Structures are given as C-alpha cells and as structure tokens.
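Coordinates in review
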Amino acid sequence: MTTIPSRIQSNLVLYTLKSLNAQTLQPDKIYVTIPGISRKTKKSYPSTKHLEDLCTIVKITTDYGPISKIIGGILMETDPNTIMISCDDDIIFPSSYIEKLYTKSLQYPNHVIGARGLNIGRFPGYITIYDEDRKSTRLN
C-alpha cells in the first residue's frame, strides 16, 4: 500500500496495518511505499517509526500516485511466485480478507483477483457494483 502524510499523522494507516496483521492467513510481508513528497498534498511525510513493527517501509523518491501502492512490493520481491495484494490505507479489513483473496488466487492462477469492482455496460446503460467483502470499514 501507499499512504499520504495526513493518514500517518491521524493513525488511519496504523489501524489498517493492525487489521492486516490480525488476518486468519498472515501475510509474509506488508510493504508501505513512502515517497519523499506527497504528489497529492505537496507535503513531506512525517516519521513512520511507529509503523515499522507492523510493516516494511519502502522509500521512493517520486510519488507515482495510486500506482505507488504496488511499487514497494515490486521493488522488494524477487520470487516470481509471490502473490501481491494491494490495499487501501483507510480501511479496517475483516480478518478473513487475505485468506479469501489467497483461496481465489489458487482457484484462478495467472488471474487478477479483486474484492471490489465496477461494470459499466452499453446503451441503454447499466452499472453493476461488485462487493465481495461488505464487512470492510472505511475509516475516513
């Protein structure tokens, strides 16, 4: 995942990390990608020392926006069989979140698995919102 300075200061990302560390299937690693300056807020990042027991901080020089959430894992992981999960930084995840994604990834190897999505159709038009995990709690 990645985050913004205000979510570090307000501890939103801390609560997210605690929920990821309390999963029924424990992640091998949690990477939080931290750029030098937030592209969104133009602010530098506060200390992440209080997060370091819950994750590995990956510092990058440039903020690439939302794609920054997977850059940490891409830079750090070398095993081609690694299963990467990107997460938002403002959600308390239910304890089975990672287990469900992992189980689906075993059922559908070489696919991208998602817990939420949006399907927009053609005329006369429709929108379908898929939400496998309705138990997540958005923090902001």
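Located above this text is the structure these notes cover.
Residues numbered from 1 in each chain as written. Predicted model: local features only at pLDDT ≥ 70, side-chain atom pairs only at ≥ 80, totals over all residues. Heavy atoms only, no water.

1. Comments concerning the environment of Lys 104
Threshold: A run of H or I in DSSP becomes a helix once it reaches four residues, and a run of E becomes a strand once it reaches two; helices and strands are each numbered from the N terminus. Only protein chains enter the accessibility calculation, which uses a 1.4 Å probe. A residue is then buried if its area is under 20% of the maximum for its type, exposed if over 50%, and partly exposed in between.
Along the polypeptide, Lys 104 turns up in helix 4 (residues 97–107). For Lys 104, a relative accessible area of 37% translates into the label partly exposed. Distance from Lys 104 to Gly 114, taken between C-alpha atoms, is 9.3 Å for residues 10 residues apart in sequence.

2. Section: the nonpolar core
The test is simple: Only buried residues count toward a nonpolar core, which is a set of Ala, Val, Leu, Ile, Met, Phe, Trp, Tyr and Cys residues joined through side-chain atoms within 4.5 Å. Contacts are assigned to residue pairs with any non-hydrogen atoms lying within 4.5 Å of each other.
In this structure, Met 1, Leu 17, Leu 20, Val 32, Leu 51, Cys 55 and Tyr 97 are the most contacted members of the largest nonpolar core, which totals 21 residues. Elements represented by at least two residues in this core include exactly helix 2 (12–21), strand 1 (31–35) and helix 4. Apart from the residues lying within four places of it in its own chain, the contact partners of Cys 55 are Leu 17, Ile 30 and Val 32.

3. Observations regarding helix 2
Burial runs high along helix 2: seven of the 10 residues are buried. Listed as buried for helix 2 are Leu 12, Val 13, Leu 14, Thr 16, Leu 17, Ser 19 and Leu 20. Here the buried face of helix 2 lies against helix 1 (5–9), strand 1, strand 3 (91–92) and helix 4.

4. Some points on the environment of Gly 65
Along the polypeptide, Gly 65 turns up in the loop between strand 2 (56–60) and helix 3 (68–76). Along the sequence, Gly 65 and Ser 38 sit 27 residues apart, while their C-alpha atoms lie 8.4 Å from each other. Not counting the four nearest positions on each side in its chain, Gly 65 is found in contact with Thr 2 and Arg 39.

5. As for the pattern of salt bridges
Let me state the cut-off plainly: Whenever a carboxyl oxygen of Asp or Glu lies within 4 Å of a side-chain nitrogen of Lys or Arg, that contact is scored as a salt bridge.
The final tally for this structure, using the stated rule, is three salt bridges. A salt bridge links Arg 7 to Asp 89; the nearest nitrogen and oxygen atoms lie 2.7 Å apart. Note that Arg 7 is positioned in helix 1 and Asp 89 in the loop between helix 3 and strand 3, a separation of 82 residues in sequence. Just as Arg 7 is buried, Asp 89 falls in that class too. In this structure, the salt-bridge partner of Asp 90 is Arg 7, at a minimum N-O distance of 3.5 Å. Of this pair, Asp 90 sits in the loop between helix 3 and strand 3 while Arg 7 sits in helix 1, placing them 83 residues apart in sequence.

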